[in-house]
Amino acid sequence: MQKLFILVCCLLGSSWAMAQDYAQAGNGTVKVTKDPRLDVLIRKQIYINTLAVRSQSGFRVQVISTNKRGDANEAKARVMQLYNDYRTYMDYQAPYFKVRVGDFKTREEASELRDKLSSLFSGGVFVVPAIINVSPDKELSNEEPY
């Protein structure tokens, strides 16, 4: 009997208790309180994302593949002096050092530079597929207008 009494009291008590105040919830507005430092962090992350270098498939021009580091360094320095507006990379894939130039989206763009460099390097200059680095400002300038 005592258990039944406690059960009835709990049921009556729960019916009187209200989870929400319906008088205030009826106007349909929500008040959000946030720390103003969140806005600073969001702006900072947007800035970082716009500066990020993105990687994608593309092409580079390979000017030398040798197992001598000194020869590869000389070739890299020579290309950097003559064509300083292109990035120059030296990759090591055992046992060869490979000097590659540029970040091109299409093979045709890379072929133009290959033609210029072929007279400077006797070992052969090739267009090779690679993962290239594309900066956001270069991406925006290459987009076609609608």
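The structure presented is a predicted model; accordingly, all values stated were derived computationally and were not measured.

(A) Quick peek at a nonpolar patch on the surface. The grouping of Met1, Leu4, Leu7, Val8 and Leu11 at the surface amounts to a nonpolar patch, some 560 Å² of accessible area in total. Locating Leu7 in the fold gives a position in helix 1 (residues 2–16). Classification of Leu7 by relative accessible area gives partly exposed; the value is 48%.

(B) Quick peek at the environment of Gly124. Tracing the backbone shows Gly124 in the loop between helix 5 (107–117) and strand 4 (126–134). Residues Gly124 and Ser65, spaced 59 residues apart in sequence, show a C-alpha to C-alpha distance of 9.3 Å. If sequence neighbours within four positions are ignored, Gly124 has contacts with Gln62 and Val63.

(C) Up close: the pattern of salt bridges. Under the defined criterion, the tally for this structure stands at four salt bridges. The residue Asp39 makes a salt bridge to Lys34 at a minimum N-O spacing of 2.9 Å. Here Arg114 makes a salt bridge to Asp115, at a shortest N to O gap of 3.4 Å.

(D) Region of interest: the packing of aromatic side chains. The full count for this structure, using the stated rule, is three aromatic pairs. Plain terms: the ring middles of Tyr83 and Tyr86 are 6.5 Å apart, the flat faces sit at 50° to each other, and that makes the pair tilted. Tyr83 gets classed as buried once you look at its relative accessible area, which sits at 17%. Tyr86 gets classed as partly exposed once you look at its relative accessible area, which sits at 24%.

Cut-offs used in this document
What you see as residue numbers is a count from 1 along each chain, following the sequence as written. pLDDT decides what is reported in this predicted model: residues at 70 or higher carry local features, side-chain atom pairs at 80 or more are listed and counted, and totals for whole chains, interfaces and linings draw on all residues regardless. Side-chain metrics rest on all non-hydrogen atoms present in the structure, leaving aside hydrogens and water. Patch members must show over 30% relative accessible area and no salt bridge, and they are joined within 9 Å when carrying like charges or within 5 Å when they are nonpolar side chains of Val, Leu, Ile, Met, Phe, Trp or Tyr. The accessible surface values rely on the Shrake-Rupley method and a 1.4 Å probe; as for residues, cover is taken only from the protein chains in view. Here, a salt bridge means any side-chain nitrogen of Lys or Arg that lies within 4 Å of a carboxyl oxygen of Asp or Glu. Strands are runs of DSSP state E lasting at least two residues, helices are runs of H or I lasting at least four, and both sets are numbered from the N terminus onward. Exposure categories follow from relative accessible area, calculated using a 1.4 Å probe and restricted to protein chains: below 20% of the type maximum is buried, above 50% is exposed, and the middle band is partly exposed. Pairs of residues are marked as contacts when any of their non-hydrogen atoms sit within 4.5 Å. Aromatic contacts are taken between Phe, Tyr and Trp rings whose centres are within 6.5 Å, Trp giving its six-membered ring; a plane angle under 30 degrees counts as stacked, one over 60 as edge-to-face, and the others as tilted.

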